[in-house]
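# Structural characterization, general
Residue strings, one per chain:
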Amino acid sequence: MKRRDLIKAGLAAGSLAALSAQAQSAQANQPGILVRTRNLIFFAYDGMGWEDYAIAQFYSRRVLGRPLALERFLATGVSGLQNTNSLTSFVTESSAAANAWSTGVKTVNGGLAIHIDGRKLSPIFALAKQQGKAVGVVTTATVTHATPAAFLVSNPDRNAEEEIAQQYLEFGAEVYLGGGQRFFDPAVRRDKKDLYAEFAAKGYGVVRTLAELQASNASKLLGVFSSSHVPYEADRRFQGVNVPSLAEMTRAALPRLAAHTKGFVLQVEAARIDHANHLNDPAGSLWEILAADEALEVVMNFVDQNPDTLLVIGSDHVCGAPALYGAGSSYRESSAGVLQLEAQKGTFEFMLGRLGNNPSPEQVTELFRSVKGVALKPEQAQAVVDAITKRVYLPDGVRYGVQPANTLSWVMRQTNASKPDLPNIGWNSGQHTASPTLFGVYGRGVGAVRIGLIDNTYNFTLMTRALGIRFQNPVMSEQEALEVLKSRAEVPILHPEDVLA
Ligand SMILES: [Zn+2]
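Under the annotation held in an unreviewed UniProt entry, the protein chain carries the name Alkaline phosphatase 3 and is attributed to Meiothermus luteus. What the UniProt record of the protein chain gives under Sequence similarities (unreviewed entry) is the line "Belongs to the alkaline phosphatase family."

Backbone-to-backbone hydrogen bonds pair the strands of a sheet. The strands run either parallel or antiparallel. The strand order β5-β6-β4-β3-β7-β1-β8-β13-β2-β14 describes an open sheet built from 10 strands, whose pairing is mixed. Two strands in the sheet have a free side with no partner beyond their single neighbour: β5 (204–207) and β14 (453–455). Here the average twist between neighbouring strands, direction ignored, is 15 degrees. Here strand β1 (residues 39–45) runs beside strand β7 (residues 264–270); their pairing, made up of 6 bridges, is parallel. In the sheet register, L40 faces β7, and the bridge partner there is V265.

Here we take up the UniProt feature "binding site: Mg(2+)" (unreviewed entry) in the protein chain. Mapped onto the present numbering, the UniProt feature "binding site: Mg(2+)" (unreviewed entry) falls on D46, H145, T147 and E269. Annotated residues spanning 224 residues; largest pairwise C-alpha distance 11.5 Å, indicating a single compact cluster. Summarising the element assignment, H145 is placed in the loop between β3 (134–142) and α7 (146–149). You can call T147 buried: its relative accessible area is 1%. At a separation of 3.0 Å, a polar atom in the side chain of T147 contacts the side chain of D46.

Reading guide: rules and limits
Residues numbered from 1 in each chain as written. Predicted model: local features only at pLDDT ≥ 70, side-chain atom pairs only at ≥ 80, totals over all residues. Heavy atoms only, no water. UniProt positions renumbered as here; feature names shortened; annotations may be inferred. Pairing = 2+ DSSP bridges. Helix = DSSP H or I, 4+ residues; strand = E, 2+ residues; numbered from the N terminus. Axes fitted to C-alpha atoms, helices over the stretch in contact; angles between N-to-C directions. Buried < 20%, exposed > 50% of the residue type's maximum accessible area, 1.4 Å probe, protein only. Polar contact = N/O pair within 3.5 Å; in protein donor to acceptor, adjacent residues only side chain to side chain.

Right, here's the structure in full:
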């Protein structure tokens, strides 16, 4: 349907608003959380779907010899599904999804805690701060990235990360840990401001390496461990990239926040499941989920020992829609395909960094062998060279718009139908997709919560009730938002080149 027709359709049955209303009316019948909680932790799986979960679940049990902490969560907590659509798009991006969680209302894709007409919204962690709670965010993305930022501050542009870093200084959370040095560094910032010095002047320990993080005894922390996003877990683990893991950052955050007498709110985000799925990188995504699981274990142990803490987990949307498809006669070879992920010891991001702008087919072949355990044919190595040097992409540059990475994934897909010669995992695209996602709660008193199918805005209802906050952000209708977009001639979708923004 064209956008003009969408506007005409307005609030007709089948519109996104009608879908949200359905889930919201179901929520109205649900008992809220019955026990007020002192501490609240939100654990975000960015871009994780159920197939991602299934692959990690199997790999963890079969190769690592242990079930996922997430399995324990699902078995003992209360969980269900959430609708993820944004106000005007059936496929959300991370800021609109985070806004729904953090403000309780739907917004247009692209801004942080703000409506498309400029009305600012109050995000949940800002409300909690007014109550006297300590605040922390821990992420493997840039610390100023959409999912943490939308819990703290308003900004019409999620990509204005230099400005968001400045807003963080003024917000004054106790813990900021993630990537994004370039948004704080006077040598890189456009305004040449030294945000490191300004944070230090406000009493923060400013750390940029794992060793500095572990040596710091500062009660407030700004930790930024890479220029952009924190390098992937697969590269940290197997390629010697020296950055803290998500679990290590989480372990640094918890005692600092727990020291506050009025309790705390914390977001921990496993941000790069999304990125690896955009790239269609099987081991990249797998190891991000396994790293997330180690952090989840840390958080669940904290909740077990501090029962006045509520843990909420959710995935904001699915990305790429990977699937582990059945392989071999009667699918009997399906497991064998997954186990081939054991040979993969790094990510496409790492490989593309090594290959640079003008690689030879020999370099490509050697890197696929050493990092992915894959023997490329000469024409496949040439296809990778062509993607990097000539922008000739496989299978295409539309659905698979995160290039040249999607081409790297395509050349190492399974080609033997009867017995997987490579992992039997396929992706729908390089983009976010529309399906409902995981939402769950864990901790004392959650037995009174029923989730079933909710709207992602329900998280705000749940958190405000748990913290004893009474607040309602202004609601905007889909019709109003479409009219604003029409007047600005903006199209409410992301362009392929923006997907990793
Ligand atoms: Zn996301």
